[in-house]
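Listed here are the chains, written in short residue letters.
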Amino acid sequence: MDKAIILSAGQGSRLGHLVDERPKCLIDFGGRSLLDRQLDTLEANGVREAVVVTGFQDDLIEADLERRTGGPKVRTLYNPFYKVADNLGSLFMARDELAGDCLVWNGDTLVSDSLMAKVLGNDRAGICVTIDRKEGYDEDDMKVVVDPDGRLRAIGKRLPMDRVNGESIGLLAFRSGGAERFREAIEHDIRTPEGTTIWYLRVIHHLAETSDVWTFDIEGEEWGEVDFPEDVERARELVAGWDSRKDSAAA
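Remember, it's a predicted structure, so these values are computed and weren't measured experimentally. (Residues numbered from 1 in each chain as written. Predicted model: local features only at pLDDT ≥ 70, side-chain atom pairs only at ≥ 80, totals over all residues. Heavy atoms only, no water.)

Notes on the overall build of the chain
1) Next: Within the chain, the secondary structure is distributed over 7 helices and 13 strands.
2) Next: Relative to its length of 251 residues, the chain is compact, with a C-alpha radius of gyration of 17 Å against a globular reference of 18 Å.
3) Next: In terms of its C-alpha atoms, the chain occupies a principal-axis envelope of roughly 50 × 40 × 35 Å.
4) Next: For the chain, with 251 residues in total, the buried portion stands at 52%.
5) Next: Excluding contacts between residues fewer than 6 apart, the proportion of contacts in the chain whose partners are at least 24 apart in sequence is 75%.
6) Next: Counting every atom, the chain has about 11,600 Å² of accessible surface; 46% of that belongs to carbon and sulfur.
7) Next: In the chain, which carries 32 positive and 49 negative side-chain charges, the distance between the mean positions of the two groups comes to 3 Å. (Helix = DSSP H or I, 4+ residues; strand = E, 2+ residues; numbered from the N terminus. Rg over C-alpha atoms; globule rule 2.2 N^0.38 Å. Buried < 20%, exposed > 50% of the residue type's maximum accessible area, 1.4 Å probe, protein only. Contact = heavy atoms within 4.5 Å. Areas by Shrake-Rupley, 256 points an atom, 1.4 Å probe, with all protein chains shown as cover. Lys, Arg positive; Asp, Glu negative; His and termini not counted. Charge placed at Lys NZ, Arg CZ, Asp CG, Glu CD.)

This is the structure in structure tokens:
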């Protein structure tokens, strides 16, 4: 898999003053921005190209990317509608990039190198949503209902809790025509009355209602989502552990 699309257009207003002067993807984690961390993970796993969808303070993101050396080849794509459309708007702007085998990765999610390696090593054809499991789920989790064979039945924040048995981590893999099928569904759903107000995972939900969408379970692997101020400290502790292990391995 050669390409990843990273959705980094939003401000991340739920983070309060942390994003007054910078987008969420530029918050510092152990001396590197969140976006840098994502690109480093792609580099470590041989992904050669990244398309970063920008919006809020895109000039700062461009400057941050210019400082990088090495890693995947990075292109940016500006979403001028980031204030008035949810992240489906970002993928609509990037729809031409949905071709061949590729990843779609939320710009607020950090994953370990080993987690990414497992996602890339999974050869499930079509559309595959990376999921995790835990004992309980809250209203902000992007919850899923998954069959025992891994087939996705539903995804969303408002699913009945008695059916929920996992959560999406914001990392999807598309193979063997899956990206093209997703692109067609995006072009359809963006034209509906709710089109500019929904998450792109709502489109995945619609696809799962009528066709096969699969999941990939990474339970036990390390990842973190950065939505609220308390998430930042947890994520910093997480990456500090990753960095420490890398330093020990290099010594």
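Don't stop here, the text continues.
Thoughts on the packing of aromatic side chains
1) Next: Taken as a whole and judged by the stated rule, the model has 2 aromatic pairs.
2) Next: When the ring of phenylalanine 174 is compared with that of phenylalanine 182, the centres are 5.1 Å apart and the planes differ by 10 degrees; the resulting orientation is stacked. In this pair, the class of phenylalanine 174 matches that of phenylalanine 182, namely buried.
3) Next: Measuring from ring centre to ring centre gives 6.3 Å for phenylalanine 182 and tyrosine 200, while their planes differ by 65 degrees; the resulting arrangement is edge-to-face. On the criterion of sequence distance, the pair formed by phenylalanine 182 in helix H5 (residues 178-189) and tyrosine 200 in helix H6 (residues 200-210) is long-range, its members being 18 residues apart. (Phe/Tyr/Trp six-rings, centres within 6.5 Å; stacked < 30°, edge-to-face > 60°.)

Description of the packing of H5 against H6
1) Next: In the contact formed by H5 and H6, the axes pass within 10 Å of each other and the chain directions differ by 110 degrees. Taken as axis vectors, H5 and H6 run roughly perpendicular relative to one another. Along the contact surface, H5 presents Arg181, Phe182, Ala185, Ile186 and Asp189, while H6 presents Tyr200, Val203, Ile204, His206 and Leu207. (Axes fitted to C-alpha atoms, helices over the stretch in contact; angles between N-to-C directions. Parallel < 35°, antiparallel > 145°, perpendicular 65-115°, else oblique.)

A few points about the layout of surface pockets
1) Next: The volume enclosed by the largest pocket comes to roughly 840 Å³.
2) Next: Lys24, Asp86, Asn87, Asp108 and Trp199 are the residues nearest the centre of the largest pocket, which is lined by 31 residues in total.
3) Next: Contributing elements (two or more residues each) for the lining of the largest pocket: strand S1 (3-8), helix H3 (87-93), strand S11 (166-175) and H6.
4) Next: Counting residues per element, the lining of the largest pocket draws most heavily on S11, which supplies 3 residues.
5) Next: Of the residues assigned to the lining of the largest pocket, the class counts are 11 nonpolar, 12 polar and 8 charged.
6) Next: One number sums up the size of the second largest pocket: a volume of about 390 Å³.
7) Next: Residue lining of the second largest pocket: 17 residues in total, with Trp223, Gly224, Glu225, Asp231 and Arg234 positioned closest to the centre.
8) Next: Those elements that place two or more of their residues in the lining of the second largest pocket are strand S13 (223-225) and helix H7 (229-250). (1 Å grid on protein atoms, 1.4 Å probe; cavity = no way out; pocket = protein on both sides within 12 Å on 5 of 7 lines; lining within 4 Å. Points joined across faces, edges and corners; volume = space filled by probe spheres on them. Nonpolar A, V, L, I, M, F, W, Y, C, P; charged D, E, K, R; others polar.)

A look at unusual backbone geometry
1) Next: Of note, glutamine 57 is a non-glycine position whose phi angle comes to about 45 degrees, a positive value.
2) Next: Under the relative-accessibility criterion, glutamine 57 is labelled partly exposed at 24%.
3) Next: A positive phi is found at serine 176, a non-glycine position, where the angle reads about 50 degrees.
4) Next: One can find serine 176 in the loop between S11 and H5.
5) Next: Look at serine 176 and you get exposed, because its relative accessible area is 60%.

Re helix H1 (residues 34-44)
1) Next: Summarising burial for H1: 8 of the 11 residues are buried, a large majority.
2) Next: After H1 finishes, the residue glycine 46 shows a positive phi value of roughly 80 degrees.

Topic: the pattern of salt bridges
1) Next: Scanning all chains against the criterion turns up 27 salt bridges.
2) Next: The residue aspartate 2 makes a salt bridge to arginine 48 at a minimum N-O spacing of 2.9 Å. Of this pair, aspartate 2 sits in the segment before S1 while arginine 48 sits in the loop between H1 and strand S4 (49-54), placing them 46 residues apart in sequence.
3) Next: Assessed through its relative accessible area of 37%, aspartate 2 is described here as partly exposed.
4) Next: Salt-bridge contacts for arginine 133 lead to aspartate 217; the nearest nitrogen and oxygen are separated by 2.8 Å. Linking arginine 133 in the loop between strand S8 (126-132) and strand S9 (143-146) with aspartate 217 in strand S12 (residues 214-217), this pair joins segments that are 84 residues apart in sequence. (Salt bridge = Lys/Arg side-chain N within 4 Å of Asp/Glu carboxyl O.)

Points about the nonpolar core
1) Next: Of all hydrophobic cores here, the largest spans 35 residues; its most connected members are Ile5, Leu91, Leu98, Leu152, Phe182, Tyr200 and Ile204.
2) Next: Among the elements that make up this core, the one with the highest residue count is H6 (6 residues).
3) Next: With residues near it in sequence (within four places) discarded, phenylalanine 182 still touches Leu91, Leu98, Ile127, Phe174, Tyr200, Val203, Ile204 and Leu207.
4) Next: The next biggest cluster of nonpolar side chains, apart from the first, holds 27 residues, and it includes Cys25, Leu115, Ile169 and Trp214. (Core = buried A, V, L, I, M, F, W, Y, C linked by side-chain atoms within 4.5 Å.)

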